[in-house]
Amino acid sequence: MPFLALSNSGLTAESAATPLDRSVAFAIAALAQGKFYLLFAFLFGYSFSLILREDTRRARARYLRRLLGLLALGAAHAVLFFIGDILMSYAILGVALLLLVRRSARTLVITAAVSYAVGLIVLGLVVLDALGSGVSGAGIVLDVAGFDAALATGDFLEVARARAEVLPQALVFQVAINWFPAIALFAAGLAVGRTSILAEPQRFRRLWVVLLVIAVTAGLSLGVLSARLQVVSVDPSGVDQVLGVALGFGSAPLLTGGYLALLALTTRTRWAQGFAPAGRMSLTGYLGESMLLAAIFCGWGLGLFGQLPIALAALVAIAVWFALDVVAVLWLRRFRYGPFEYLLRWWSRGRRPSAA
């Protein structure tokens, strides 16, 4: 939401002028920013273990076609709606999973640990470079002021052109911040897919409790410190903001594991089951959020980019999220797949699937 609605600098002390806005920005930075793309990566690796449960040439070909479909959707998403698209990265990195599919669980765990360690080193180098050049936040890569102006005032084609121009730089930022942690979570998800940990979560209650304790103690503490540096600290040099972003992304798995544990412990409850349709339409939900928020905030839509306070923009984003959940419930009463899931399945399998 901050990047789609406020500024491509994301959350900053300057964008949170009132106590309410600062509180909302603080909560976003502490609890959400950088946390959920890791969960998506974990589930991507987990789903791969299901797709290639039978490791045949046909299954691999279908998987590669699926990655090509994700790459095409991601490129369109990045240019037309949201520069922070993750599908392109997942499509590219997904090829590496073919190298891991026959590896032992021990090798997968080692791969995950080494990849994340390398990711922390790369993140540290990015931070040092940013501090040396005096640039903070998304400005490490993008021409924030010029890009923000295009989003706020341009028509649909002008905004798409502006995104296309900065897309190579945005991808460099993705590589530096996301790629190695994503590979780590791919490997972890693939390893878990060989067990019954997620299929029978009630059998692993002790594991989920441990993950929750780690999340509440270490994860939440580091998240709060990250938010304080990004949102509360007023540092004209931008050093605190850069350190806050780095700390938030670096420590994200601690809270991500807690969120996974919370879902595992409550998966059989009525409120959790209510979100199951949205899970079955996760691709449509992901792309739909960007489409709706872009239409609300970009200059070619309602033109609210940079106009709303953080608290109100957050309410808009939450309303969009709930609306898409309702759509998912109603859609799946009639159809078997979400619209984008249907198209991707059609492309991957080379034949039209049954819609009903």
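Right above here is the structure, for reference.
Residues numbered from 1 in each chain as written. Predicted model: local features only at pLDDT ≥ 70, side-chain atom pairs only at ≥ 80, totals over all residues. Heavy atoms only, no water.

Peer 1: Lay out the side chain of Q174 with the relevant residues and their values.
Peer 2: Structurally, the position occupied by Q174 is in helix α9 (residues 156–192). Within the structure, the side chain of Q174 is placed 2.6 Å from the side chain of N178, a separation counted as a polar contact. Not counting chain neighbours up to four residues away, the residues in contact with Q174 comprise G84, D85, I86, S89 and W179. (Helix = DSSP H or I, 4+ residues; strand = E, 2+ residues; numbered from the N terminus. Polar contact = N/O pair within 3.5 Å; in protein donor to acceptor, adjacent residues only side chain to side chain. Contact = heavy atoms within 4.5 Å.)

Peer 1: Talk me through the environment of S251; I want residue IDs and the actual numbers.
Peer 2: Within the secondary structure layout, S251 lies in the loop between α11 (239–250) and α12 (252–266). A sequence separation of 89 residues divides S251 from F340, and the C-alpha atoms of the two residues are 32 Å apart. A distance of 2.8 Å separates a polar side-chain atom of S251 from the backbone oxygen of L247.

Peer 1: Please provide a residue-by-residue account of the packing of helix α2 (residues 19–31) against helix α16 (residues 310–334), values included.
Peer 2: Contact geometry for α2 and α16: axes closest at 8 Å, N-to-C directions at 50°. Classified by the angle their axes make, α2 and α16 are oblique. Mapping the contact onto sequence places L20, D21, V24, A25 and I28 in α2 and I310, A311 and A314 in α16. Residue composition of the contact of α2 with α16, by class: 7 nonpolar, no polar and 1 charged. (Axes fitted to C-alpha atoms, helices over the stretch in contact; angles between N-to-C directions. Parallel < 35°, antiparallel > 145°, perpendicular 65-115°, else oblique. Nonpolar A, V, L, I, M, F, W, Y, C, P; charged D, E, K, R; others polar.)

Peer 1: Outline a nonpolar patch on the surface, listing residues and values.
Peer 2: Side chains of L263, W271, F275, L312, L315, I318, W321 and F322 sit close together on the surface and give an oily, nonpolar patch of about 780 Å² of accessible area. For the nonpolar patch, the leading source of residues is α16, giving 5 residues. Structurally, W321 can be placed in helix α16. For W321, a relative accessible area of 36% gives the class partly exposed. (Patch = residues over 30% accessible without salt bridge, like charges linked within 9 Å, V, L, I, M, F, W, Y side chains within 5 Å. Areas by Shrake-Rupley, 256 points an atom, 1.4 Å probe, with all protein chains shown as cover. Salt bridge = Lys/Arg side-chain N within 4 Å of Asp/Glu carboxyl O. Buried < 20%, exposed > 50% of the residue type's maximum accessible area, 1.4 Å probe, protein only.)

Peer 1: I'd love a proper account of the nonpolar core, names of residues and values included.
Peer 2: In terms of nonpolar packing, the biggest core is built from 52 residues, with F44, F48, L70, Y90 and L97 touching the most fellow members. Top element by residues in this core is α9. It accounts for 10 residues. In contact with F48, not counting residues within four places along its chain, are Y63, L97, L98, V101 and L190. If you look at the next biggest cluster of nonpolar residues, it comprises 39 residues, including A29, L167, L293 and A317. (Core = buried A, V, L, I, M, F, W, Y, C linked by side-chain atoms within 4.5 Å.)

Peer 1: I'd like a description of the pattern of salt bridges, backed by residues and values.
Peer 2: Oppositely charged side chains can form a pair if their charged atoms are brought close together. All chains considered together, the criterion is met by 1 salt bridge. Between R203 and E200 there is a salt bridge, with its nearest N and O atoms 3.4 Å apart.

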